[in-house]
Amino acid sequence: MTETAHHNQANDPHTHLIGPRVIAIDGPAGAGKSSVSKALASSIDFIRLDTGALYRAIGLGALRASVAPSDGDELSSLLGSLEVRLEGTDIILNGQREIESLRSPEVSRAASDFATLPSVRAKLLELQREIGLSSPCVVDGRDIGTVVFPDAPLKIYLTASADARAERRLAELSGKGVIADFESTRAEIIARDEQDMSREIAPLKRASDAHLVDATELTLDEVVEACERLARAVFNL
Ligand code: DC
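Residues numbered from 1 in each chain as written. Predicted model: local features only at pLDDT ≥ 70, side-chain atom pairs only at ≥ 80, totals over all residues. Heavy atoms only, no water.

> Looking at this structure, I do not really get the overall build of the protein chain. What am I missing?
Helix and strand content of the protein chain: nine helices and nine strands. Radius of gyration (C-alpha) of the protein chain: 17 Å, near the 18 Å computed for a compact globule of 237 residues. For the protein chain, the spread of C-alpha atoms along the three principal axes comes to 55 × 40 × 30 Å. Contacts in the protein chain between residues at least 24 apart in sequence constitute 78% of all its contacts with a sequence separation of at least 6. Accessible area of the protein chain: about 11,200 Å², with a carbon and sulfur share of 51%. (Helix = DSSP H or I, 4+ residues; strand = E, 2+ residues; numbered from the N terminus. Rg over C-alpha atoms; globule rule 2.2 N^0.38 Å. Contact = heavy atoms within 4.5 Å. Areas by Shrake-Rupley, 256 points an atom, 1.4 Å probe, with all protein chains shown as cover.)

Structure, rendered in structure tokens:
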């Protein structure tokens with residue numbers, strides 16, 4: 001396991017827990033953020049906020065309304081009328097629970113496209129902060145440790161090689177009966193990372209004080225264990 005700690009709060013007995021009870025988990029698509037966040041939150045009894053699902057909800061709403069990222073006025077009015085909220089961990093978009101509909105490749109792409117826009121990020125920023133501050137929370141996304149909760153006491157940057165991430169995505173899809181091809185899945189993941197890392201606002205990047213966890217050679221359980229150790233030390237659990 002590669003795990004580097006710049007500010008190793010876990011080993012610092014003088015760490016004072018100032019700021020939100022938030023664990024920020026950022027990283028590229030397919031690194032396992034969702035599975036790790038879910039398992040970690042349940043093992044330490046924190047709630048979990050999947051911020052990617054909020055961006056996916058915007059992408060889905062825009063696809064349904066046939067609004068493109070470049071449609072200035074139409075996009076503003078769409079954003080004004082889209083109601084996105086959470087019930088537990090489920091996304092409610094305009095009063096309707098969305099689960100499988102958020103996971104399609106089209107919605108993944110649309111989420112990444114719309115996530116480049118300041119108006120979209122502004123709409124979701126307050127919502128994320130409100131939810132994250134409502135209870136101790138594991139929050140996963142791309143800009144959680146850098147923008148949404150820069151003062152989170154524990155930040156983790158979870159990554160893995162593009163091959164490992166594509167393999168994982170393929171396995172996930174085949175579990176749902178979807179047969180996809182390795183090369184195109186890998187290419188899709190790399191294209192989305194490039195867009196997420198190179199956008200002007202809130203790009204995906206590792207916060208300077210985030211612990212780096214490289215999951216390429218690790219099982220899910222090993223990653224969760226590593227994160228849980230950090231969480232228990234930082235939050236005195
Ligand atoms: O984590 P995910 O694959 O469900 O996220 C979908 C897209 O949403 C991702 O490609 C970029 C965007 N996103 C973002 O810009 N900021 C976040 N905090 C979370 C997701």
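> Can you walk me through unusual backbone geometry in this structure?
Glycine aside, negative phi is the norm for most residues, and most peptide bonds take the trans geometry. One non-glycine residue, Asp-45, lies in positive phi territory at about 60°. Within the secondary structure layout, Asp-45 lies in the loop between α1 (33-44) and β3 (47-50). Its relative accessible area of 69% is what places Asp-45 among the exposed residues. Phi is positive for Asn-94, close to 45°, though the residue is something other than glycine. If you trace the backbone, Asn-94 turns up in the loop between β5 (90-93) and β6 (96-98). The class of Asn-94 is partly exposed, set by a relative accessible area of 45%. (Buried < 20%, exposed > 50% of the residue type's maximum accessible area, 1.4 Å probe, protein only.)

> Is there a simple way to think about the packing of aromatic side chains in this case?
The geometry of an aromatic ring pair is captured by two quantities: the separation of the ring centres and the angle between the planes. Scanning all chains against the criterion turns up one aromatic pair. Note on Phe-46 and Phe-235: the rings are 5.4 Å apart at their centroids and 75° apart in plane angle, and the pair reads as edge-to-face. One end of the pair, Phe-46, is in the loop between α1 and β3; the other, Phe-235, is in the segment after α9 (220-234), with 189 residues separating them in the sequence. Among the residues examined, Phe-235 registers a relative accessible area of 3% and is labelled buried. (Phe/Tyr/Trp six-rings, centres within 6.5 Å; stacked < 30°, edge-to-face > 60°.)

> What is the right way to look at the packing of helix α2 (residues 51-64) against helix α4 (residues 105-114) in this model?
In a packed pair of helices, the relevant descriptors are the angle between the two axes and the axis-to-axis distance. Between α2 and α4, the least distance of the axes is 8 Å, while the angle of their chain directions is 105°. Comparing the axis directions of α2 and α4 gives the class roughly perpendicular. Note on element contacts: α4 touches α2 through Glu-106, Val-107, Ser-108, Ala-110, Ala-111 and Phe-114, opposite Tyr-55, Arg-56, Ile-58, Gly-59, Leu-60, Ala-62 and Leu-63. Classifying every residue of the contact of α2 with α4 by side-chain character gives nine nonpolar, two polar and two charged. (Axes fitted to C-alpha atoms, helices over the stretch in contact; angles between N-to-C directions. Parallel < 35°, antiparallel > 145°, perpendicular 65-115°, else oblique. Nonpolar A, V, L, I, M, F, W, Y, C, P; charged D, E, K, R; others polar.)

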